[in-house]
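# Geometric and topological summary
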Amino acid sequence: CRIMQTDRTAFKKYFSNLAIEELNAMQQASLEANAKNENIVLLSATGSGKTLAFLLPVLQRLNPHSSDVQALIIVPSRELAIQIDDVFRKMQTGYKVTLCYGGHKRETEENNLKQAPAVIIGTAGRLADHIRRNNFSVDHITTLVLDEFDKSLELGFTEEMSFIIGSLKGISKRILTSATHAVPIPDFIGLQDPVFLNYLPETEDTGSMLDIKTVFSEDKDKLNTLFTLICYLGNRSTVVFCNHRESVERTSKGLTEKGILNVFYHGGMEQQERDSALCKFRNGTSNVLVTTDLASRGLDIPNIRYIIHYHLPATEDVFTHRNGRTARMDASGTAILILSPDEKLPGYIPAVENIELAGDYPLPEKPKWSTLFISAGKKDKVNKIDIVGFLSKKGELKKEDIGLIDVKDFFSFVAVRKLKAGHTLQLIKNEKIKNKKVKIEIAR
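Residues numbered from 1 in each chain as written. Predicted model: local features only at pLDDT ≥ 70, side-chain atom pairs only at ≥ 80, totals over all residues. Heavy atoms only, no water.

### Side note on the overall build of the chain
For the chain, the helix and strand inventory stands at 14 helices and 20 strands. Relative to a compact globule of 444 residues, whose C-alpha radius of gyration would be 22 Å, the chain shows 23 Å and is just as compact. C-alpha extents for the chain along the principal axes are approximately 65 × 60 × 40 Å. Expressed as a percentage of the 444 residues in the chain, the buried residues total 52%. For the chain, long-range pairs separated by at least 24 residues make up 76% of all intrachain contacts whose partners lie at least 6 apart in sequence. Surface accessibility of the chain: about 21,400 Å² in total, with carbon and sulfur atoms responsible for 49%. The average position of the 59 basic charges and that of the 55 acidic charges among the side chains of the chain differ by 8 Å. (Helix = DSSP H or I, 4+ residues; strand = E, 2+ residues; numbered from the N terminus. Rg over C-alpha atoms; globule rule 2.2 N^0.38 Å. Buried < 20%, exposed > 50% of the residue type's maximum accessible area, 1.4 Å probe, protein only. Contact = heavy atoms within 4.5 Å. Areas by Shrake-Rupley, 256 points an atom, 1.4 Å probe, with all protein chains shown as cover. Lys, Arg positive; Asp, Glu negative; His and termini not counted. Charge placed at Lys NZ, Arg CZ, Asp CG, Glu CD.)

Structural data, given as structure tokens:
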């Protein structure tokens, strides 16, 4: 791959900022293929580094002297948009990037778009809305990325995507990514002679670090079996998949009533609620996440040990993507399907070991962290260093008492040692961060 010296220097800086030493084989192949071809379809598993695999070719095409929008990245979910934006910002490229997604205030996005960013990352519905309102010019957009394009089509965004792509008259570069095989690419995307890069694992190697097991429920209502299973598994990071939003909330409530601390997550929640739930799960405030298949794509949460299929997955593809949350980056994991008396193991799953739940198991130990909500974020010029300094100085917390910090645009979440949380809240209740009075409380 011929890379200009200026690119090499920039890449070295990006790698340093991302704390990586070099590209993996898939990322290197993407860089080389994108240098020679205008239409690329990249197939690679979730968590393999696809974000960097398309961001680097996008950056190579940006003109630093242009004041127009030059690249558009369309994603199926807000969480994936936020994740890409986070990687882009950590690279410190010098280019402006703007996020656009439902649940975000449109007025905020409109203000961010007044001074055109070089790159826009967003969901199809919100991007289509901005284009219809002429909130940014599409005239100079030459690069289009459709990340997890199959999921966007699956979620019913075909009409919005068709409208967006039909509005982009100057596209000369298309990069599509997916974590699954054999998804038809609609004609409206305009791919011509695409180069396919297939880095999906071979079938026989898939899940080599993943154990698959079953548990039989005596009742059609599986809640008691789920409760017993979680107690049996102990205090380990666990995702419970349900097929419907209502089931997610009902199951979460049932577990709470039985003494299992958990959070739930689905597409019908307000953005702050979703952010709070994911942050609590990521930082160890809760070890159990009850969710729909929304969490099966685009979420990068390390060290998930168990996947529980409370409801059977609708398809083999759904099963694969749910399981993709665990056994990642050479770690092991276990997927467990709960079967009611009238359910059978899906045909695409071979006979597997059954877990026998016998007797009573103690409730899992409660997590040692709490999550604080702070009503200030990036737009208030507040960063992680500010929060650590504030909690150390005003809240009398030691470094080891402060866990993961997640700073959003208008609010932040921070994990603190549960034993210290009450005392710290009393100390900081009347204090200011960067001379601004903010609300600080236990995250709901």
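Structure's up, so let's keep going.
### Looking at the pattern of salt bridges
Should the charged atoms of two oppositely charged side chains come close, the side chains can pair. Per the counting criterion, the structure on display carries 20 salt bridges. With its nearest N and O atoms 3.0 Å apart, the salt bridge here joins Arg-133 to Asp-129. Between Asp-380 and Lys-436 there is a salt bridge; the shortest N-O distance is 2.8 Å. Taken together, the positions of Asp-380 in the loop between strand 15 (369-374) and helix 13 (384-393) and Lys-436 in strand 19 (residues 436-437) put the pair 56 residues apart, joining distant regions of the chain. With relative accessibility at 34%, the residue Lys-436 sits in the partly exposed group. (Salt bridge = Lys/Arg side-chain N within 4 Å of Asp/Glu carboxyl O.)

### Regarding the sheet that holds strand 17 (residues 412-417)
Here four strands make up an open sheet; going across it, the order is 16-17-15-20 and the pairing antiparallel. The open sheet is flanked by strand 16 (402-407) and strand 20 (440-442), the only strands paired with a single partner. Averaged over all neighbouring strand pairs, the angle between strand axes comes to 25°, with direction disregarded. Two strands pair when backbone bridges link them, and strand 15 and strand 17 are joined in this way by six bridges, in the antiparallel orientation. Considered in strand 17, the bridge of Leu-372 is made with Val-414. Contacts from helix 11 (residues 271-283) reach strand 15, strand 16 and strand 17 within the one sheet, and its direction differs from that of strand 17 by about 30°. Strand contacts of helix 14 (residues 418-428): strand 15, strand 17 and strand 20, with the helix running at about 120° to strand 17, the strand carrying the most contacts. (Pairing = 2+ DSSP bridges. Axes fitted to C-alpha atoms, helices over the stretch in contact; angles between N-to-C directions.)

### Things to note about helix 9 (residues 223-233)
For helix 9, a buried count of eight out of eleven residues is recorded, marking the element as mostly surrounded by other parts of the structure. Looking at the packing, one finds that the buried side of helix 9 touches strand 8 (210-216), strand 9 (238-241), helix 10 (245-257), strand 11 (288-291), strand 12 (306-309) and strand 13 (333-339).

### A word on the confidence of the model for the chain
Detailed reading of predicted coordinates is not advised where the pLDDT is low. In the predicted model, the chain carries a mean pLDDT of 90, and the fraction of residues at 70 or more is 94%. This stretch, residues 203-207, has a pLDDT under 50; its non-local contacts, to residues over four places away or in other chains, come to one contact. (pLDDT = per-residue confidence, 0-100.)

### Overview of unusual backbone geometry
With a phi angle near 60°, Ala-19 is a residue other than glycine that sits in the positive phi range. In this fold, Ala-19 is placed in the loop between helix 1 (5-18) and helix 2 (25-36). In this structure, Glu-148 is a non-glycine residue whose phi angle is positive, near 50°. On the secondary structure map, Glu-148 appears in the loop between strand 5 (143-146) and helix 7 (149-154). Judged by relative accessible area, Glu-148 falls into the buried class, the value being 3%.

### A closer look at the packing of aromatic side chains
What the rule picks out here adds up to seven aromatic pairs. On the numbers, 5.9 Å between centres and 35° between planes, the contact of Phe-373 with Phe-411 is tilted. Here Phe-373, found in strand 15, pairs with Phe-411, found in the loop between strand 16 and strand 17; they are 38 residues apart in sequence, far enough to count as distant. Judged on exposure class, the residue Phe-373 and its partner Phe-411 are both buried. Members of the aromatic cluster, each reached through a chain of ring pairs, are Phe-11, Tyr-14 and Phe-15. (Phe/Tyr/Trp six-rings, centres within 6.5 Å; stacked < 30°, edge-to-face > 60°.)

### Focus on helix 6 (residues 124-132)
Among the residues of helix 6, Ala-124, Arg-126, Leu-127, Ala-128, His-130 and Ile-131 are the ones counted as buried. Structurally, helix 6 contributes buried residues whose contacts are with strand 2 (71-75), strand 3 (97-100), helix 5 (106-114), strand 4 (119-123) and helix 8 (158-167). The positive-phi residue at the C-terminal boundary of helix 6 is Asn-134, with phi of around 60°.

### So, the environment of Arg-8
Structurally, the position occupied by Arg-8 is in helix 1. Separated by 102 residues in the primary sequence, Arg-8 and Glu-110 place their C-alpha atoms 35 Å from one another.

### Side note on the side chain of Ser-286
Relative to the helices and strands, Ser-286 is located in the loop between helix 11 and strand 11. The buried category is assigned to Ser-286, whose relative accessible area is 2%. Within the structure, the side chain of Ser-286 is placed 3.0 Å from the backbone oxygen of Val-288, a separation counted as a polar contact. Here Ser-286 is in contact with Leu-261, Asn-262, Val-263, Lys-280, Phe-281 and Pro-367, once residues within four sequence places are set aside. (Polar contact = N/O pair within 3.5 Å; in protein donor to acceptor, adjacent residues only side chain to side chain.)

### Digging into the pairing of strand 16
Look at any regular strand and the pattern is simple: side chains alternate between the two faces of the sheet. The pairing of strand 16 with strand 17 spans four bridges and is classified as antiparallel. Looking at the pairing, Ile-405 lines up with Val-414 of strand 17. Between strand 16 and the antiparallel strand that follows it, strand 17, lie four residues.

### Structural notes on a negative patch on the surface
On the surface, Glu-246, Glu-249, Glu-270 and Glu-273 cluster together into a negatively charged patch. Following the sequence through the fold, Glu-249 ends up in helix 10. Judged by its relative accessible area of 39%, Glu-249 falls in the partly exposed class. (Patch = residues over 30% accessible without salt bridge, like charges linked within 9 Å, V, L, I, M, F, W, Y side chains within 5 Å.)

### Side note on the state of the cysteines
Here the structure, examined in full by the defined rule, presents zero disulfides. Among the cysteines around Cys-231, which has no disulfide bond, Cys-242 carries the closest sulfur, lying 17 Å off. On the basis of relative accessibility, which here comes to 6%, the residue Cys-231 falls in the buried class. (Disulfide = S-S within 2.5 Å.)

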